[in-house]
Amino acid sequence: MKKNLIHLSFAFLLACNLSSCQQEKNGFSMEHPNDSVTIVHVNREAKYLILPIQESSREGKVKLDTGSPADMAMDIRLATDSIDYYVPFALPEGTKEAKIVINKVKSNAICWDNIQLADTFSTENTDYYRPIYHHTPLYGWMNDANGLVYKDGEYHLYFQYNPYGSMWGNMHWGHSVSRDLIHWDHLDPAIARDTLGHIFSGSTIVDHNNSAGYGKNALIAFYTSASDEHGQIQCMAYSNDNGRTYTKYENNPILTPFDGLKDFRDPKVFWYEPAKKWYMIVSADKEMRFYASDNMKDWTYLSSFGKGYGVQPNQFECPDFIQLPVDGNEQNKKWVMIVNINPGCLFGGSATEYFVGDFDGTTFTCDTKPEVTKWLDFGKDHYATVCFSNTGERVVAVPWMSNWQYANITPIRQYRGANALPRELSLYTKDGEIYMAANAVKETRDLRKETRTIGNISVAREHTISEVLAQNEGAFELEMDLTPGQAQTAGLELMNSKGERTKIYFDREQNRLVMDRTESGITDLGEPTEFNVHEKETDDHRKVLSVNYVNDFALGTWAPLNLCEGTTYHLNIFVDKCSVEIFVDNGRIAMTNLVFPTEVYNTLRFYSEGGNMQVNNLNIHRLGL
Ligand code: FRU
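Residues numbered from 1 in each chain as written. Predicted model: local features only at pLDDT ≥ 70, side-chain atom pairs only at ≥ 80, totals over all residues. Heavy atoms only, no water.

Comments concerning the domain arrangement of the protein chain
Here is the rule we go by: Boundaries between domains were set according to an automatic or database domain assignment. Here, two residues are considered to be in contact whenever any of their heavy atoms come within 4.5 Å of each other. By convention, the term buried area covers the 1.4 Å-probe accessible surface removed from two parts as they join, with the contributions of both added.
Domain assignment breaks the protein chain into domain 1 (10-118), domain 2 (140-440) and domain 3 (443-623). Placing a centre on the C-alpha atoms of domain 2 and another on those of domain 3 gives a separation of 27 Å. Across the boundary between the two partners, domain 2 contributes 39 residues, which contact 40 residues of domain 3. Around 3400 Å² of area is buried between domain 2 and domain 3 when both sides are counted, 61% of it from carbon and sulfur atoms. Together, F378, Q405 and I409 form the three largest contributors to the area buried by domain 2 at its contact with domain 3, with a combined 19%.

Here it is as structure tokens:
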């Protein structure tokens, strides 16, 4: 008998090995032809295969196999021994049969016991730190804002999106729309990763004159396809349904680097009226390149700008190029090139600088010397900032509110990545120099649900306001006119009952405004991951590994006060669960930082050292959607 049993189980094992073991589940079966390949056969109609994710697992390759050469395997961190969360993998509509082939995940991984079919996927928030009024994806990873465009009353916010996990990968263009820049509706991703590569950052325009031949007022998107096989090449896609879906141009790419550059990406396309042509600006390693076109398919190289300009060393990314009146004077307009750089931030990692100058239709000439760097934001969590097209005279920019140093390891799970508040850009003059202000858009006033008016306070040493809001979810705005007076240090602390605090203060000796998050809550975000370790070429062309990571989340960031006039500063401070954004004097200084307090800040303590400070017109607004 025993012998028979052994025989039987041996025969079963053999059968499993030869024809690979078939496991029947509800609506699908799974076979493991070998230890690192799994085939899922779906045999009933369902919307999703729900996949268990473990962020510390290596990426497996998950492909919906339709037999077409266009089938693309997605990189997904299927759970090996524990499950962090689930993501939905969409199945083809209207069919009972689907085959999903998964490579590079072991046959004993825990995911196989937990994958299932479903027709729904809950996107109800499960994250403590999810902002209340900033835009976030419902789930999955988000970085740069892409293809910002306004059309028929809708602001389209596309974004670098991974629908298959909350870490960077599988770049798609996610999509949200808004009528007021504040309330966002989440739509399906608009452009999916394909066999030409990840869909990297780019821009969208409204083709008013049908230059590309896809119809008057078609939306045309420009993005970089990025892959090891094809490198970084510029592609286009068009939409005739107000940006909901895009068709990729059949002859992509439309532009490749003439010198084989490895870093050549993030096309920004705009209409240049004097030449009556479309222009494209593309980041090309350490400079930006200009191109021109009549039909948006054939592009002619014009010029380059940027080598040696701004902070060094750097890598140029995500350009924008806008024209704005100086001090509101329509007769005196200047061109501004927005350059996102990573690394190079004053405070480590990624940041946004800009150059003011003139453009003659071919060449951009910067007003200042190469070594002059002007920052669009003085925090550490403001990146890949670009502007909406088709908004007329108004220029509105949207930043990604994170930093490549630690974006992948923030203490958030269901989604990762938020946008900072949309800001309106304008130019002002100070001491003969032109600077760009970035102020929270006026629509943010509609977020004010309730206002506690405190009025004026003279602070001799300190003044504490407890319970800033009776009903406080961690989303509020402080508004005030602050005069540091003779105080050496004058400012405020946002605090909670655990003693966690974010300090915002004026340092008279250094003439700076400082935001200090060293004691703001969770500040140790952990160790570097594969995302902050890069291969880099040294001057003598050796390849070395470089770590774009220092465990320095606990730091203070500062801005020079000589950007402002006078001795009283108008402050708007926006707090939203895990972020603090300061706008001084309508955006002459903007400063954006993430913070992770383990309880909401509900106490406001003003303090001054070495003299009195005056706080006038203090309002505390509870913010919500
Ligand atoms: C900037 C960036 C872009 C690139 C994208 C990839 O954050 O590196 O240059 O297109 O992210 O996700």
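Topic: the confidence of the model for the protein chain
Rules: pLDDT is a per-residue confidence score from the predictor, ranging from 0 to 100.
On average, the protein chain scores 94 in pLDDT, and the residues at 70 or more come to 95%. Under a pLDDT of 50 for its full length, residues 1-19 has, in the predicted model, four contacts with residues more than four places off or in other chains.

As for the environment of I110
The following threshold applies: Numbering of helices and strands runs from the N terminus, with a helix taken as a DSSP run of H or I at least four residues long and a strand as a DSSP run of E at least two residues long.
Along the polypeptide, I110 turns up in the loop between β8 (98-103) and α2 (111-114). Separated by 479 residues in sequence, I110 and I589 place their C-alpha atoms 50 Å apart. In contact with I110, other than residues within four places in its own chain, are A79, T80, D81, S82 and I83.

Comments concerning the side chain of E581
Let me state the cut-off plainly: Definition of a polar contact: a pair of N or O atoms within 3.5 Å, with one able to donate and the other able to accept a hydrogen when the atoms are protein atoms, and with sequence-neighbouring residues admitted only if both atoms are side-chain atoms.
Structurally, E581 is set in strand β42 (residues 579-584). For E581, the side chain forms a polar contact with the main-chain nitrogen of L421, separated by 2.9 Å. A distance of 2.6 Å separates the side chain of E581 from the side chain of R423, its partner in a polar contact. Other than its neighbours up to four places away in sequence, E581 contacts H134, M401, A420, L421, R423, N572, I573, F574, M591 and T592.

Points about the nonpolar core
Which entries qualify depends on this criterion: We define a nonpolar core as any set of buried Ala, Val, Leu, Ile, Met, Phe, Trp, Tyr and Cys residues linked to one another through side-chain atoms lying within 4.5 Å. Residue burial is assigned from relative accessible area. The probe radius is 1.4 Å, only protein chains are included, and a residue is buried under 20% of its type maximum, exposed over 50%, and partly exposed in between.
Core analysis: the largest hydrophobic core is formed by 92 residues, its most contacted members being F364, L425, M436, M480, L494, I573 and F606. A domain-level breakdown of this core finds at least three residues from each of domain 2 (140-440) and domain 3 (443-623). Beyond its immediate sequence surroundings of up to four residues, M480 is in contact with L492, Y569, H570, L571, I573, F606, V615, N616, N617 and L618. Of all hydrophobic cores here, the second largest spans 27 residues; its members include F28, M74, A98 and W112.

Brief notes about the packing of aromatic side chains
Aromatic ring pairs are described here by two measures, namely the spacing of the ring centres and the angle between the planes. Cut-off, in case you're wondering: To pair, rings of Phe, Tyr and Trp, with the six-membered ring standing in for Trp, must have centres within 6.5 Å; the planes then decide the type, stacked if under 30 degrees apart, edge-to-face if over 60, and tilted in the middle. We call a charge positioned over a ring when the NZ of a Lys or the CZ of an Arg lies within 6 Å of the ring centre and within 35 degrees of the ring normal.
A full pass over the atoms with the stated rule returns 45 aromatic pairs. Measuring from ring centre to ring centre gives 5.8 Å for F574 and F583, while their planes differ by 80°; the resulting arrangement is edge-to-face. Across the pair, exposure class does not vary: F574 and F583 are buried alike. Among the aromatic residues, ring-to-ring pairing joins F270, Y272, Y279, F290, F305, Y309, F321, W335, F355, F359 and F364 into one connected group. The cationic tip of R517 hangs over the ring face of F553; the distance from NZ or CZ to the ring centre is 3.5 Å.

Regarding empty space enclosed by the protein
Our working definition: Of the two site types, the cavity is a set of points on a 1 Å grid over the protein atoms alone where a 1.4 Å probe fits but cannot get out, and the pocket is an open set with protein on both sides within 12 Å along at least five of seven lines, each lined by residues with an atom within 4 Å of a point. Grid points are joined across faces, edges and corners, and a volume is the space filled by probe spheres set on the points. Only Asp, Glu, Lys and Arg are considered charged in this grouping, and only Ala, Val, Leu, Ile, Met, Phe, Trp, Tyr, Cys and Pro are considered nonpolar; every other residue, Gly among them, is considered polar.
Under the definition given, this model contains five cavities of 30 Å³ or more. Its boundaries defined by the atoms lining it, the largest cavity holds a volume of some 90 Å³. Lining the largest cavity we find 15 residues, and of these M401, T410, G417, A418 and L594 sit closest to its centre. Elements with a contribution of two residues or more to the lining of the largest cavity: β10 (140-151) and β29 (415-416). Of the residues assigned to the lining of the largest cavity, the class counts are 11 nonpolar, three polar and one charged. Inspection of the lining of the largest cavity shows a minimum of three residues originating in each of domain 2 (140-440) and domain 3 (443-623).

Observations concerning the site of the ligand
Stated formally: Any residue with a non-hydrogen atom lying within 4 Å of a molecule or strand is treated as near it. The accessible surface values rely on the Shrake-Rupley method and a 1.4 Å probe; as for residues, cover is taken only from the protein chains in view.
Within the structure, the ligand sits among 13 residues, and D144, Q160, R265, D266 and W404 are positioned closest to it. In the model, an oxygen atom of the ligand is placed 3.2 Å from a nitrogen or oxygen of the S201 main chain. Relative to its unbound accessible area of 320 Å², the ligand is 94% covered by the protein chains. Of all the secondary structure elements, the ones that give two or more residues to the shell around the ligand are β10, β14 (198-207), β18 (264-272) and β22 (316-326). Residue composition of the shell around the ligand, by class: six nonpolar, three polar and four charged.

Some details on the pattern of salt bridges
Put simply, the rule reads: Salt bridges are counted wherever a side-chain nitrogen of Lys or Arg sits within 4 Å of a carboxyl oxygen of Asp or Glu.
With the rule as written, the count across this model stands at 41 salt bridges. A salt bridge links D84 to R413; the nearest nitrogen and oxygen atoms lie 3.3 Å apart. In this pair, D84 is assigned in the loop between β6 (74-76) and β7 (85-90) and R413 in the loop between β28 (396-400) and β29, connecting sequence segments 329 residues apart. What makes D84 partly exposed here is its relative accessible area of 26%. For R413, a relative accessible area of 38% puts it in the partly exposed group.

Structural notes on the layout of surface pockets
Taken as a whole, the second largest pocket holds about 1200 Å³ of empty space. As for the second largest pocket, its lining consists of 38 residues, and the residues nearest its centre are F89, A90, Y164, D188 and P189. Going through the elements one at a time, β7, β11 (154-162), β12 (172-178) and β13 (185-191) are the ones with two or more residues in the lining of the second largest pocket. The two domains that each donate at least three residues to the lining of the second largest pocket are domain 1 (10-118) and domain 2 (140-440).

So, the sheet that holds strand β1 (residues 22-25)
We apply this condition: Criterion used throughout: strands pair if DSSP finds at least two bridges between them. The angle between two axes is taken between their N-to-C directions and runs from 0 to 180 degrees, where each axis is a line fitted to C-alpha atoms and a helix contributes only its stretch in contact.
Strand order in the open sheet made by the six strands is β1-β2-β3-β8-β5-β6, with antiparallel pairing throughout. The two strands at the open ends of the sheet, each matched to only one other strand, are β1 and β6. Within the sheet, the average angular offset between the axes of one strand and its neighbour, ignoring direction, is 25°. Where strand β3 (residues 37-42) and β8 come together, six bridges link them in antiparallel fashion. The residue of β8 that forms the bridge with T38 is I102.

A closer look at the sheet that holds β18
Read from one edge to the other, the open sheet built from four strands follows the order β18-β19-β20-β21, with strand pairing classed as antiparallel. Two strands lie at the open edges of the sheet, namely β18 and β21 (300-305), each paired on one side alone. Within the sheet, the average angular offset between the axes of one strand and its neighbour, ignoring direction, is 25°. The sheet contact formed by β18 and strand β19 (residues 277-284) spans seven bridges and is antiparallel. By the bridge assignment, W271 is partnered in β19 with W278.

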